[in-house]
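Below are the chains, spelled out letter by letter.
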Amino acid sequence: MDVDLVVVGAGLFGLTVAERMAVQRGRRVLLVDRRPVIGGNCFSEVDAATGIEVHRYGTHVFHTSNEGVWAYVNRFTRFTAYRHRVRTVHRGEVFPMPVNLATINQFFRTALRPDDARALIRAQAGASDPAAARDLETRAIALLGRPLYEAFVRDYTAKQWRTDPRLLPASVLSRLPLRFDYEDCYFEDRYQGVPVDGYTAWAERMVDDPRIEVRLGTDFLDPTQPVSRAAVAGRVPVVYTGPLDAYFDHAEGELSWRTLDLEFEVHPVGDFQGTSVMNYADADTAFTRIHEFRHLHPERSYPRDRTVIAREFSRRATRADEPYYPVSSTADRAALLRYRAAARAEPGVTFGGRLGSYQYLDMHMAIASALTLADRL
């Protein structure tokens, strides 16, 4: 095999490693992915029936405060000025999310000022320290108080992760801020937006180099394929970004993964829900949220009589599914330690990305991690 490096997985982590090793180091890189598309879960395409660009694996908004990451991604795409604003439905009423002063006042039917709202939440949260909490439920109650936790977090989290919140690590809640003002932008990072011409165009530019060969529809763990673990590992350096437990044939047991089912629909209206993402917090609604993709590009001229939505259902992944997120429950931790020890001992293979490291990474975190790895390789 006439290459210097094989990268397994064409998500943002794998794309970044491949691009840096080819462009910065002059290496010949073979990038493989078992999916037929490039970009991993960020893959986007134009819906043929409406002309609206849809995110096939759920809404993705790029955000970062890392100057180096922001400078790097702007080599390949420009970003819109889109700001992500999410709403959540609880008992038939729509609230701003994440919890801010508007959410608090609407929920408690009050008109509290910031200091009064802080005092109310402190009284409901008790004396617990959120930073000391080990599980999600304990941290959420210490941060929000029990009424807000039960309304907006408990059942939504249980649906989303298919796990009792008491069994999830407290770190899962780190993405959800609590605000005592009326700021309703979901992310707090300095830089935010959606690629002007979509995620797929961005991904394609990252591998637009003669030293990078891309082979899609290639399962690295299938020994019958010419580019496989059996044929490559130990002969050519590998960066592997697939599921950590699958690489080792689940020898230490199966890690818990979450996957998504998205049901797409075209509706004969110009606007279905008024925002890009609407969460559904109650246990009696089977889906977790509805995406409406037209709102991600308000600068575009989309049809006024058609729109595309996707209902998102979350469930535990089986081996046949595409895993999206590591669950990292209490039961996973012992097996994870054994898998990480095996990964360190695997000659010529470096593990990374969300699946390969078994940790939740936002897009900017995956890119930052990949840039660090490319400097080290």
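Residues numbered from 1 in each chain as written. Predicted model: local features only at pLDDT ≥ 70, side-chain atom pairs only at ≥ 80, totals over all residues. Heavy atoms only, no water.

### Let's talk about the side chain of Glu19
Here is step 1: Relative to the helices and strands, Glu19 resides in helix H1 (residues 12-23).
Here is step 2: Using a relative accessible area of 4% as the deciding quantity, one classes Glu19 as buried.
Here is step 3: Excluding anything up to four places from it in sequence, Glu19 contacts Gln24, Tyr72, Phe76, Met206 and Ile212. (Helix = DSSP H or I, 4+ residues; strand = E, 2+ residues; numbered from the N terminus. Buried < 20%, exposed > 50% of the residue type's maximum accessible area, 1.4 Å probe, protein only. Contact = heavy atoms within 4.5 Å.)

### A short note on the pairing of strand E13 (residues 289-292)
Here is step 1: In E13, alternate side chains face the same way, and those of Arg289 and His291 on one face and Ile290 and Glu292 on the other are all buried.
Here is step 2: Note that strand E12 (residues 277-280) and E13 share 3 bridges and pair antiparallel. When the sheet's bridge partners are listed, Asn279 is paired in E13 with Arg289.
Here is step 3: Pairing of E13 with strand E14 (residues 307-316), which is carried by 4 bridges, proceeds in the antiparallel orientation. Counted as the bridge partner of His291 is Ala310 from E14. (Pairing = 2+ DSSP bridges.)

### Quick notes on the pattern of salt bridges
Here is step 1: This model, assessed by the stated rule, comprises 28 salt bridges.
Here is step 2: The salt bridge partner of Arg300 is Glu53, with a shortest N-O separation of 2.9 Å. Placement of the pair is Arg300 in the loop between E13 and E14 and Glu53 in strand E4 (residues 53-55), with a sequence separation of 247 residues.
Here is step 3: The exposure class assigned to Arg300 is partly exposed, which follows from its relative accessible area of 24%.
Here is step 4: Glu53 sits in the buried class, given a relative accessible area of 7%.
Here is step 5: Of the charged contacts in the structure, one is a salt bridge between Arg311 and Glu265, with a shortest N-O distance of 2.7 Å. Of the two residues, Arg311 is situated in strand E14 and Glu265 in strand E11 (residues 257-267); the sequence distance between them amounts to 46 residues.
Here is step 6: Here Glu265 falls in the partly exposed class, since its relative accessible area comes to 29%.
Here is step 7: Taken together, the shared-partner salt bridges connect Arg146, Glu150, Arg154 and Asp155 into one network. (Salt bridge = Lys/Arg side-chain N within 4 Å of Asp/Glu carboxyl O.)

### Here's the deal with the sheet that holds strand E15 (residues 325-326)
Here is step 1: With mixed pairing, 7 strands are arranged side by side in an open sheet as E7-E6-E12-E13-E14-E11-E15. Each edge of the open sheet carries a strand with a single partner, namely strand E7 (93-97) and E15.
Here is step 2: Bridge count between E11 and E15: 2 bridges; the pairing is antiparallel. The partner of Arg258 across the bridge, within E15, is Tyr325.
Here is step 3: Taken strand by strand, helix H3 (residues 101-108) contacts strand E6 (86-90) and E7, and its axis lies near 150° from that of E7.
Here is step 4: Of the strands in this sheet, E6, E7, E11, E12, E13, E14 and E15 are in contact with helix H6 (residues 146-161), which crosses E14 at around 80°. (Axes fitted to C-alpha atoms, helices over the stretch in contact; angles between N-to-C directions.)

### Describing the domain arrangement of the protein
Here is step 1: The assigned domain composition of the protein is domain 1 (5-38 + 207-254 + 326-376) and domain 2 (98-172).
Here is step 2: If you average the C-alpha positions of domain 1 and of domain 2, the two centres end up 36 Å apart.
Here is step 3: Carbon and sulfur atoms supply 60% of the area buried between domain 1 and domain 2, which totals about 410 Å² over both sides.
Here is step 4: Between the two partners, domain 1 and domain 2, sit 0 salt bridges. (Domains from an automatic or database assignment. Buried area = accessible area lost by both parts, 1.4 Å probe.)

### Some points on the layout of surface pockets
Here is step 1: What the second largest pocket holds in volume is close to 290 Å³.
Here is step 2: Lining of the second largest pocket is provided by 17 residues; of these, Phe351, Gly352, Gly356, Ser357 and Gln359 occupy positions nearest its centre.
Here is step 3: Taken together, the elements giving at least two residues each to the lining of the second largest pocket come down to helix H10 (333-345), strand E16 (349-351), helix H11 (353-357) and helix H12 (363-376).
Here is step 4: A per-element tally of the lining of the second largest pocket places H10 first, with 4 residues.
Here is step 5: Partitioning the lining of the second largest pocket into residue classes produces 7 nonpolar, 7 polar and 3 charged. (1 Å grid on protein atoms, 1.4 Å probe; cavity = no way out; pocket = protein on both sides within 12 Å on 5 of 7 lines; lining within 4 Å. Points joined across faces, edges and corners; volume = space filled by probe spheres on them. Nonpolar A, V, L, I, M, F, W, Y, C, P; charged D, E, K, R; others polar.)

### Describing H12
Because the α-helix completes a turn every 3.6 residues, residues three or four places apart line up on one side.
Here is step 1: Given a rise of 1.5 Å per residue, 14 residues ought to cover 20 Å, and the 20 Å separating the end C-alpha atoms of H12 matches this to within 8%.
Here is step 2: Among the residues of H12, those classed as buried are Met363, His364, Ala366, Ile367, Ala370, Leu371, Leu373 and Ala374.
Here is step 3: Packed against the buried residues of H12 are H1, strand E5 (62-64), helix H2 (67-73), helix H7 (199-206), strand E10 (238-240) and E16. (Expected span 1.5 Å × (residues − 1).)

### Notes on the sheet that holds strand E9 (residues 212-216)
Each strand in a sheet pairs with its neighbour through backbone hydrogen bonds, running either in the same direction (parallel) or in the opposite one (antiparallel).
Here is step 1: With respect to topology, 5 strands assemble into an open sheet ordered E9-E2-E1-E10-E16, the strand pairing being parallel. In this open sheet, the two strands that pair with only one neighbour each are E9 and E16. When the angles between neighbouring strand axes are averaged without regard to direction, this sheet yields 20°.
Here is step 2: For strand E1 (residues 5-8) and strand E2 (residues 29-33), the ladder comprises 4 bridges, and the chain directions are parallel. Within the sheet, the bridge partner assigned to Leu5 lies in E2 and is Val29.

### Description of the nonpolar core
Here is step 1: Val6, Phe62 and Trp202 are the most contacted members of the largest nonpolar core, which has 104 residues in total.
Here is step 2: Of the domains in this structure, domain 1 (5-38 + 207-254 + 326-376) and domain 2 (98-172) are the two that each give at least three residues to this core.
Here is step 3: Apart from the residues lying within four places of it in its own chain, the contact partners of Trp202 are Leu12, Phe62, Val73, Phe76, Thr77, Phe79, Pro195 and Ile367.
Here is step 4: Val89, Met278, Ile309 and Phe313 belong to the second largest nonpolar core, which has 7 residues in total. (Core = buried A, V, L, I, M, F, W, Y, C linked by side-chain atoms within 4.5 Å.)

### Some thoughts on the environment of Phe107
Here is step 1: Within the secondary structure, Phe107 sits in helix H3.
Here is step 2: Classification of Phe107 by relative accessible area gives partly exposed; the value is 23%.
Here is step 3: In sequence terms Phe107 and His90 are 17 residues apart; their C-alpha atoms lie 9.7 Å from each other.
Here is step 4: Dropping the residues within four chain positions of it, Phe107 is found in contact with His90, Phe95, Pro147, Leu148, Ala151 and Phe152.

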